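These are the residues of each chain, in order.
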Amino acid sequence: MTRSILFLVFCGSLLTEARGQAPDIADTAADRLAIYQRNVVSEKIFVHTDKTLYLPGQVLWFKTYVVDASTHRPLGLSKVAYVEVLDSGNHPLLQGKVALAKGEGDGSFLLPASCPTGNYRLRAYTAWMKNGSPAFFYEQGLTIVNPFMDPVTGTASPDAYDIQFFPEGGDLVTGLPGKVGLRIADRQGRNLNATGRIVDETGHTVQTFAPLRFGLGHFDFQPEPGHQYTAQVRIGDTVISQPLRQPLGAGFTLSVTDSADSRLIVRVRKRGVSDKVVYLLVQNRGRVTHTAALELQDRETTLLLDKSALGEGVLHLTLFDGLGRPLAERLAFVYPTHRLGIVAVADSTVYDTRSKVTVSVATDLTASLSMSVALSDSLSGASAEDIASYLWLRSDLKGDIASPGYYFDSTKADRAEALDNLLLTQGWSRWRWQDVLFGRLPEVRFLPEYEGHQVTGVVFDKQTDRPAAGIPVFVSLPGKAFRFGAALSDSAGRVVFNLEDFYGGNEVVLQLGKAYNNRYRFDMDDPFSLAPASAPAPVFRLPVSWHSALLLRSVNTQVMNVFPSGQQRFHLDHDTLPLFIQPDVSYPLDDYTRFRSLEEVFREYVPEVAVSRTGSGFKLRVTSGKYKPIYPDAPLILVDGVPYFNEDTVVSLDPLKIKRLDILTERYYSGPLFFDGVMSLTTYQGDLSDFHLDPAALVVDYEALQPEREFYAPLYDNGLNSRVPDFRDVLTWQPRLPVGRSSFYTSDIPGTYKGVIQGITKDGMPGVRIFTFSVKPR
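The shown structure was predicted, so the numbers you read here are calculated from the model rather than taken from an experiment.

A. Geometry of the overall build of the chain. A count of helical and extended segments in the chain gives 9 helices and 48 strands. Per-residue burial over the chain gives 51% buried out of 778 residues. In the chain, of all internal contacts separated by at least 6 residues, the share reaching a separation of at least 24 is 70%. Working note: accessible area of the chain is about 35400 Å², and carbon and sulfur atoms make up 51% of it.

Listed below in structure tokens is the structure:
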């Protein structure tokens, strides 16, 4: 908080500095942005999947890469990634929490038999990323084909179109030449081919246009004073009229074009304003790479910028006036000159079924890699996005992008123009410049999970339905190796529990202190984002050409799920931390005389527990050691990790169902709370037996971090005489691919297979390599 307060005080002088024109407003903005970036760490996340088309019963394998949004270096801030599969209505089909270590994690989803045929969106983010716009979550299209269910056809009407126009820099100004980007798509996000024209109020055509590629294009246009303009777009036999946004009568325009000599030509024009100097700031992923004061002579000025000095990837060029107010912004792109070099060579180009494949992998820099090898046929689905095109381009843009790899294909003659059309249709930066310049840090509603998974919620006063502060809340994960935590609600009623290394499914028990149950309640947060996907999944249409291949793939998948060898197994070897390292004394009750009540147990051979009975019921107290005083207050009493606050209920428990009693005679601290000792009772199964919980306790079936699923890959070193069918269409999935030789075996399915290796270095250099080979019937 100290840095944030200093930041606010420091930024308070901005207006004074700007009015005096000293220092240069562009340099001032650059300084503010640098401070803002130091206080606001941003993350990006990329997901490498084994393929993009699945059938129910198959496993979706994935690896997550989390990097610093500014440097692209792997970032270890968050220890949990949230991955989900959303349908076209933004309803989650599958959700999972994946453990991260040094910015990496891997997981999987088993697709249930009930999932309908359709297009889906795979989305990934961290808790910290939820503080920003969901437009910067990672999203990828997936297709699921269920041969036993009809596809969801959708209800979008054929005449529902999304037609948008984007003046370069943000605004058109009457009397000044400008460029307008355009995007034409349907409401499902599919880009459309169309033609159009701009007409004035008399119907006179002043300009024509058409998309170049992916429904994107641009046209040059100079609006004149006193005219109203309308766009008429023809899509097939349909003509849609849409008024253009009214141009400004006075203002600035900003245009950026590529020169033939690796420079950017920046041109600023003005009309009807008195400013003689404006200020340009160029930043690349939040790092300022150029600032300039531009004098406007004859109402315009031109600046040439060397692209090699501006950074690689998406550039944001922002124009400010003398008071630090942003006037216009334009995006440009500089192609990276280097990327991670990956070499992958298979030891043959053609293999028999059930044959060994050895791939030699080498890199020019030390990197973390992942590899998938899958069947490439008519059911392969759309090509997945690679980590390089995502980090360099799409991660800094909002919304979905069709075929991002096209913009990196040097064989495409129109890729530069197509890329410029894409950049024209993008809006402003990740942040609001007013927040940057005046020190307004974004609201932090979600803390980074830098210690592990967090269970959060809010305590409410039942009478007022308002958040309540200072209320004790307890969380328990019952079991033989249970977990327990305690916390006080803050001024906003919020409670945070850090559950490090919490894997698999389990019941979570949440309850308030004994004196608070009647007046307060605890509402547990959903850790997954409630925001919809940035782009809806398009309506699925089953190609006729898929029918025969789909039937074969479906039979293969069913056969694989019948045989035990094809079923996936989990590894769960994570240690669970005990409540305390070593109790002061333990009583295995089977080693002692069994009594019919816990009261007798305590009185007969547990001297560390003092039992008394008054008119109000039993009291249990822990002594602070042999021949030492008895603590005045009740200890923390746990049964399989769940707190019991009613001592009468504890005494009434059946001792024959309790295996062990552990006692801590020292004062025990848990978060901001402390207790006069601990009594921990463990049942034989660690499941609370048939003991009843407090009716006010909140019991939730909770899925924590995913345990690691084992990828099934048979070995045929001892011959090919196995009678178990092998119909794998994914031959190998290696989320932690080592450099060197990597071997696996082909299956019984002939065809062409595509291997995809993706990775990133510790310095943020991404790379991808694709290789193919064929498998023929034996």
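Read on, since the account is not over.
B. Fine view of the sheet that holds strand β39 (residues 658–664). Pairing is mixed across the open sheet formed by 5 strands, whose spatial order is β34-β39-β42-β37-β38. Because the sheet does not close on itself, it has two edges, and the strands there are β34 (585–588) and β38 (642–643). Looking at chain direction, β39 and strand β42 (residues 678–683) are connected through 6 bridges and run antiparallel. Note that in β42 the partner of Ile663 across the bridge is Met679.

C. Structural context of the pattern of salt bridges. Under the defined criterion, the tally for this structure stands at 34 salt bridges. Here Arg263 and Asp261 are joined by a salt bridge, their closest N and O atoms 3.0 Å apart. Note on Arg263: relative accessible area 32%, which makes it partly exposed. Between Asp590 and Arg594 there is a salt bridge whose closest N-O contact spans 2.7 Å. By relative accessible area, Arg594 is classed as partly exposed at 28%. Three or more residues joined by partner-sharing salt bridges are found here, namely Lys51, Asp377, Arg553 and Asp729.

D. Focus on the confidence of the model for the chain. Considering every residue of the chain, the mean pLDDT works out to 87; 89% of them sit at 70 or more. Overall, residues 1–23 carries pLDDT values under 50, and its contacts beyond four positions in sequence, including any with other chains, amount to 40 contacts.

E. Region of interest: helix α8 (residues 598–605). The complete set of buried residues in α8 reads Leu598, Val601, Phe602 and Tyr605. For α8, the angular spread of buried residues about the axis comes to 115°, placing them on one side. At its buried positions, α8 is contacted by β34, β35 (609–614), β36 (617–622), α9 (647–651), β39 and β42.

F. Region of interest: empty space enclosed by the protein. If you walk through the whole model with that rule in mind, you get 2 cavities of 30 Å³ or more. Taken as a whole, the largest cavity spans an internal volume of roughly 80 Å³. As for the largest cavity, its lining consists of 13 residues, of which Ala135, Phe137, Arg394, Leu397 and Gly399 are closest to the centre. Partitioning the lining of the largest cavity into residue classes produces 6 nonpolar, 3 polar and 4 charged.

G. Quick peek at the pairing of β35. Both β35 and β36 contribute to a ladder of 6 bridges, which runs antiparallel. Directly across from Val609, in β36, lies its bridge partner Val622. Connecting the antiparallel pair β35 and β36 is a turn made up of 2 residues.

H. Summary view of the sheet that holds strand β1 (residues 43–49). Pairing is antiparallel in the open sheet, where 3 strands are placed in the order β1-β3-β6. Each end of this open sheet is capped by a strand with a single partner; those strands are β1 and β6 (104–110). Averaged over all adjacent pairs, the angle separating strand axes in this sheet is 25°, with direction ignored. Note: β1 against strand β3 (residues 59–68), 7 bridges, orientation antiparallel. Bridge assignment links Val47 to a residue of β3, and that residue is Thr64.

What counts and how
Residues numbered from 1 in each chain as written. Predicted model: local features only at pLDDT ≥ 70, side-chain atom pairs only at ≥ 80, totals over all residues. Heavy atoms only, no water. Helix = DSSP H or I, 4+ residues; strand = E, 2+ residues; numbered from the N terminus. Buried < 20%, exposed > 50% of the residue type's maximum accessible area, 1.4 Å probe, protein only. Contact = heavy atoms within 4.5 Å. Areas by Shrake-Rupley, 256 points an atom, 1.4 Å probe, with all protein chains shown as cover. Pairing = 2+ DSSP bridges. Salt bridge = Lys/Arg side-chain N within 4 Å of Asp/Glu carboxyl O. pLDDT = per-residue confidence, 0-100. Arc of directions from axis to C-beta. 1 Å grid on protein atoms, 1.4 Å probe; cavity = no way out; pocket = protein on both sides within 12 Å on 5 of 7 lines; lining within 4 Å. Points joined across faces, edges and corners; volume = space filled by probe spheres on them. Nonpolar A, V, L, I, M, F, W, Y, C, P; charged D, E, K, R; others polar. Axes fitted to C-alpha atoms, helices over the stretch in contact; angles between N-to-C directions.

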